[in-house]
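Residue-level structural notes
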Amino acid sequence: MNGGDMRRAKLLALGLIIVGFGLGLGGTRATSSVPQKFQIRIPLGIPADLWEMMIPADNPMTEAKVALGRDLYFDKRLSVDNTVSCATCHDPRFAFTDGKPVSEGVGGKKGARNAPTVLNAMFNEEQFWDGRVKTLEEQVLQPLINPVEMAMPSHEAVVAKVRGIPEYAQRFREVFGGPNPVTIENIAKAIAAFERTLLSGDSPFDHFMAGDPKAISEAAKRGWELFKGKARCITCHEFNPSSPFFTNFKYHNIGIGMKATRNFEALARQIQQMAQENRLTKEALDRLALTEGFSELGRFLVTRQPKDVGAFKTSPLRDIELTAPYMHDGSLKTLREVIDFYDKGGEPNPNLDGGIVKLNLTEQEKADLEEFLKSLTSDWVRRVARGEIKLAAGPTSGNPTPTVARDSRSSRR
Ligand code: HEC
Ligand code: HEC
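A short tour of the structure in this document, coming up. Since this is a predicted model, take the numbers as computed values, not measurements.

Parameters at a glance
Residues numbered from 1 in each chain as written. Chains lettered and ligands numbered in written order. Predicted model: local features only at pLDDT ≥ 70, side-chain atom pairs only at ≥ 80, totals over all residues. Heavy atoms only, no water. Donors = N, O, S within 2.8 Å, 3.2 Å for Na, K, Ca; no water. Helix = DSSP H or I, 4+ residues; strand = E, 2+ residues; numbered from the N terminus. Axes fitted to C-alpha atoms, helices over the stretch in contact; angles between N-to-C directions. Parallel < 35°, antiparallel > 145°, perpendicular 65-115°, else oblique. Left-handed = near helix turned anticlockwise from the far one by under 90°. Contact = heavy atoms within 4.5 Å. Nonpolar A, V, L, I, M, F, W, Y, C, P; charged D, E, K, R; others polar. Near = heavy atom within 4 Å. Polar contact = N/O pair within 3.5 Å; in protein donor to acceptor, adjacent residues only side chain to side chain. Core = buried A, V, L, I, M, F, W, Y, C linked by side-chain atoms within 4.5 Å. Buried < 20%, exposed > 50% of the residue type's maximum accessible area, 1.4 Å probe, protein only. 1 Å grid on protein atoms, 1.4 Å probe; cavity = no way out; pocket = protein on both sides within 12 Å on 5 of 7 lines; lining within 4 Å. Points joined across faces, edges and corners; volume = space filled by probe spheres on them. Arc of directions from axis to C-beta.

Just one protein ligand coordinates the iron atom of ligand 1, and it is His90 (NE2) at 2.1 Å. With respect to the helices and strands, histidine 90 occurs in the loop between α4 (86-89) and α5 (136-145).

A word on the packing of α5 against helix α8 (residues 184-195). Between two packed helices, the angle of one axis relative to the other and the distance separating the axes together describe the packing. Where α5 meets α8, the axes come as close as 8 Å, and the angle between the chain directions of the two elements is 115°. It follows that α5 is roughly perpendicular to α8 by the angle criterion. Relative to α8, the crossing made by α5 is right-handed. Taking contact as the criterion, the partners of Leu136, Glu137, Val140, Leu141 and Leu144 in α5 are, on α8, Ile184, Ala188, Lys189, Ile191, Ala192 and Glu195. Classifying every residue of the contact of α5 with α8 by side-chain character gives 8 nonpolar, no polar and 3 charged.

Here we take up the site of ligand 1. Near ligand 1 lie 27 residues; those nearest to it are Cys86, Cys89, His90, Phe128 and Trp129. With respect to ligand 1, the side chain of histidine 90 contributes an N or O atom lying 2.9 Å from a nitrogen atom. Contact between ligand 1 and asparagine 124: an oxygen atom at 3.0 Å from a side-chain N or O atom of the residue. Looking at the shell around ligand 1, the elements with two or more residues in it are α4, α5 and α8. Broken down by element, the residue count for the shell around ligand 1 peaks at 3 residues, all from α5. Among the residues making up the shell around ligand 1, the classes are represented as 13 nonpolar, 8 polar and 6 charged.

A separate point is the site of ligand 2. Lining the immediate environment of ligand 2, one finds 23 residues, of which Cys233, Cys236, His237, His328 and Tyr342 sit closest. A distance of 2.8 Å is found between a nitrogen atom of ligand 2 and a side-chain nitrogen or oxygen belonging to histidine 237. Within the side chain of histidine 328, an N or O atom sits 2.7 Å from an oxygen atom of ligand 2. Tallied by class, the residues present in the shell around ligand 2 amount to 14 nonpolar, 6 polar and 3 charged.

Right, let's get into the nonpolar core. Core analysis: the biggest nonpolar cluster contains 59 residues, and Trp51, Leu72, Phe123, Phe172 and Ile187 have the highest contact counts within it. Here this core gets 8 residues from one element, more than from any other, and that element is α8. Beyond its immediate stretch of four places on either side in the chain, isoleucine 187 contacts Leu72, Val158, Val159, Val162, Phe172 and Val182. Within the second largest apolar cluster, 30 residues are counted, among which are Phe205, Ala231, Phe239 and Leu361.

Further remarks concern empty space enclosed by the protein. Following the criterion strictly, the structure yields 3 cavities of 30 Å³ or more and no others. The volume enclosed by the second largest cavity comes to roughly 40 Å³. In this structure, the second largest cavity is lined by Cys89, Ser103, Glu104, Gly105, Gly111, Val148, Glu149 and Leu290. Taken together, the residues of the lining of the second largest cavity sort by class into 3 nonpolar, 3 polar and 2 charged.

Let us look at helix α7 (residues 166-176). Where α7 is concerned, the buried positions are Tyr168, Ala169, Phe172, Val175 and Phe176. Summarising the axial view, the buried residues of α7 lie within an arc of 135°, below the 170-degree limit, and thus occupy one face. In this fold, the buried residues of α7 make contact with α3 (63-73), α6 (155-163) and α8. Downstream of α7 by one or two residues, glycine 177 has phi in the positive range, about 65°.

Rendered as structure tokens:
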């Protein structure tokens, strides 16, 4: 089953659940468990049903949880020396990236990879450039303790630090209840819930697709045709109304970082060796992914299949105008450089994806393609990046149209 099929199957299942739930409620009076409304504006272009479907059953959305997650996301005290927060590298001013080729954590320590945006990250089938974790909740656990990111010595240390901040202790009690609400799982749940309010849609392209022919320029329209046709972009950067993210969520080697001078065989052998000795823990993998050299093995780090050396997740393309520099190593500075890279057929190497070929685009076609990519910027994201909108928790995030009210059956988990 491919991603689209899976989503359709889940959508169908969701419909059945709603019907079943409705029937179940018919006979009973809502008493103690009055559903708590979580209001979110789902932007144009993003299916509201899909948003709902991607909320895990064990981490329902509530206003208080999202507000808590937001404050944790921006709190530098979650790092070892109080200098780095999630927002340092996923900064609203850069459409939730950091504007650097590779990220810098505590003490200016450099990782080996470019920070992807967290906008719409809730829709990713897997997280990170190599897909080494699945959910947003699991993802949060890594940067907190990676020595080149927030560098806390352990998850226990993170919990102890958060517990020591009185206002947090109180809010965790309110959100999660129980005798011991400050846990690493609950910290991750709150931050993940906040991330599920960071949605990008409502771009000029979305308005065009919704039937407004004037929403994008003639050049952008020609660019869209090229994207689907001669330039072949859509074969990997998939787009359809039920999965409108411009990615197939699969892994491809397009040649970025495949320097002939690097000994990939030797690096791969070291990884196989570590795996045999049971030393490839989640933590070890996270460190290797951000270590020069090993980083370039890409998807191989997860699958350990030789064909996956140098393969990385197809990037979503929304807000791409605001998230330079590009690619997993930040090696391409502008959209024009990206287009030129594809035009010449990527970087030749033994694992190059068969879908990457010379395109022979004209100057006009390159300009049109770039114009199309620039039509994918969310109005809300652009205004947040400019500082015109301050990020507030809950219902104020997301986008003005259309408004969808969602129920969350239980507020305590
Ligand atoms: C020092 C910079 C830095 C910090 C701090 C940081 N990140 Fe990241 N983040 C990155 C980089 C770099 C990647 C890509 C790493 C990789 O793919 O191996 C990433 C990947 C991600 C992804 C995966 C997105 C995708 O499209 O696959 C999410 C989600 C994310 N970070 C959220 C967070 C959250 C939440 C926090 C705070 C708990 C955080 N990050 C802290 C730099 C950072
Ligand atoms: C064979 C699959 C494939 C095709 C075809 C393809 N891409 Fe990509 N694209 C990828 C992958 C994989 C990445 C990430 C590669 C990496 O960082 O190593 C990527 C990355 C990008 C990025 C950078 C995103 C970021 O956030 O850094 C842009 C922009 C982009 N592609 C645009 C295009 C355009 C425009 C076309 C058509 C000319 C195209 N792609 C064709 C697979 C593909």
